Amino acid sequence: MKVEVDIFKGRDSTPVLVSQFDAHPSITMGFEFTSTGFGDITNHFLSFDTPSINELQIQQDSSNLNLIIIPSNGIYEITCNSRVVSTSSGNNNARVGLTIKALICTDYDVNAESNNFVEDAHGVASNYSTRHKNTGQSGINEGGVSLTRLFDLQEGAAMRFGLSAKFNTDVVSAEIINGTFLIVKKIS
């Protein structure tokens, strides 16, 4: 038996258009955080490959693949997820903390030398993504952090997602793994 359920309805019970953009990072899986790059809360902007789904017709700046450009005014549900694997040589401080931040430029100009991106105060998610045993034993651990939020965005606005990691580089190594992605849905 097939059952169809329309879960997205507007105030007057008419269906709301739901479109989606789904992209995976262009960072090579296995890209390792380093003490000079990621080791101590250094920000990195996630870049995304050509999306597998782009019903929204979201554009990407071809010279800057860490940006997505919003195609029309509306409310968007955005999920940005990142996963890491870490290895520890054993220490009671052997953990990796990840943070994702959404940054928005409301007046993005592709021809400008620089654009003013502002961190969305509520578009931040943090997590101790991996935590090794405190017994001094070696170990491998996987974990992640996910940011999901509704954004009221205007046509032409640009977004990027900063990823930072904090860990003790003397005893821990960490790298990005599959499970890092970006999904954008227009819900009204």
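Here we summarise the structure given alongside this text. (Residues numbered from 1 in each chain as written. Predicted model: local features only at pLDDT ≥ 70, side-chain atom pairs only at ≥ 80, totals over all residues. Heavy atoms only, no water.)

Regarding its fold elements, the protein presents zero helices and 11 strands. Overall, the protein shows an N-to-C arrangement of helices and strands of β-β-β-β-β-β-β-β-β-β-β. Counting all 188 residues of the protein, 40% fall into the buried class. For the protein, contacts bridging at least 24 residues in sequence account for 77% of all contacts bridging at least 6. (Helix = DSSP H or I, 4+ residues; strand = E, 2+ residues; numbered from the N terminus. Buried < 20%, exposed > 50% of the residue type's maximum accessible area, 1.4 Å probe, protein only. Contact = heavy atoms within 4.5 Å.)

In this section: the side chain of S82. Structurally, S82 is set in strand β6 (residues 74–88). Apart from the residues lying within four places of it in its own chain, the contact partners of S82 are L98, I100, G143, G144, V145, L163, G179 and T180.

Before going further, it helps to spend a moment on the pattern of salt bridges. Applying the stated criterion to the full structure yields three salt bridges. Measuring nitrogen to oxygen at the nearest pair gives 3.7 Å for the salt bridge that ties K101 to E119. Here K101, found in strand β7 (residues 95–105), pairs with E119, found in strand β8 (residues 118–131); they are 18 residues apart in sequence, far enough to count as distant. On the basis of relative accessibility, which here comes to 26%, the residue K101 falls in the partly exposed class. (Salt bridge = Lys/Arg side-chain N within 4 Å of Asp/Glu carboxyl O.)

Turning to the packing of aromatic side chains, a few remarks are in order. The full count for this structure, using the stated rule, is one aromatic pair. The ring of F151 has R149 lying over it, and the distance from NZ or CZ to the ring centre is 4.9 Å. (Phe/Tyr/Trp six-rings, centres within 6.5 Å; stacked < 30°, edge-to-face > 60°. Lys NZ or Arg CZ within 6 Å of the ring centre and 35° of its normal.)

Among the 15 residues in β6, 11 count as buried, and that is most of the element. Note: β6 against strand β11 (residues 172–186), 12 bridges, orientation antiparallel. Directly across from R83, in β11, lies its bridge partner I177. (Pairing = 2+ DSSP bridges.)

Of all hydrophobic cores here, the largest spans 32 residues; its most connected members are I78, L153, M159, F161, L182 and V184. Going through the elements one at a time, β6, β7, β9 (139–153), β10 (158–166) and β11 are the ones with two or more residues in this core. (Core = buried A, V, L, I, M, F, W, Y, C linked by side-chain atoms within 4.5 Å.)

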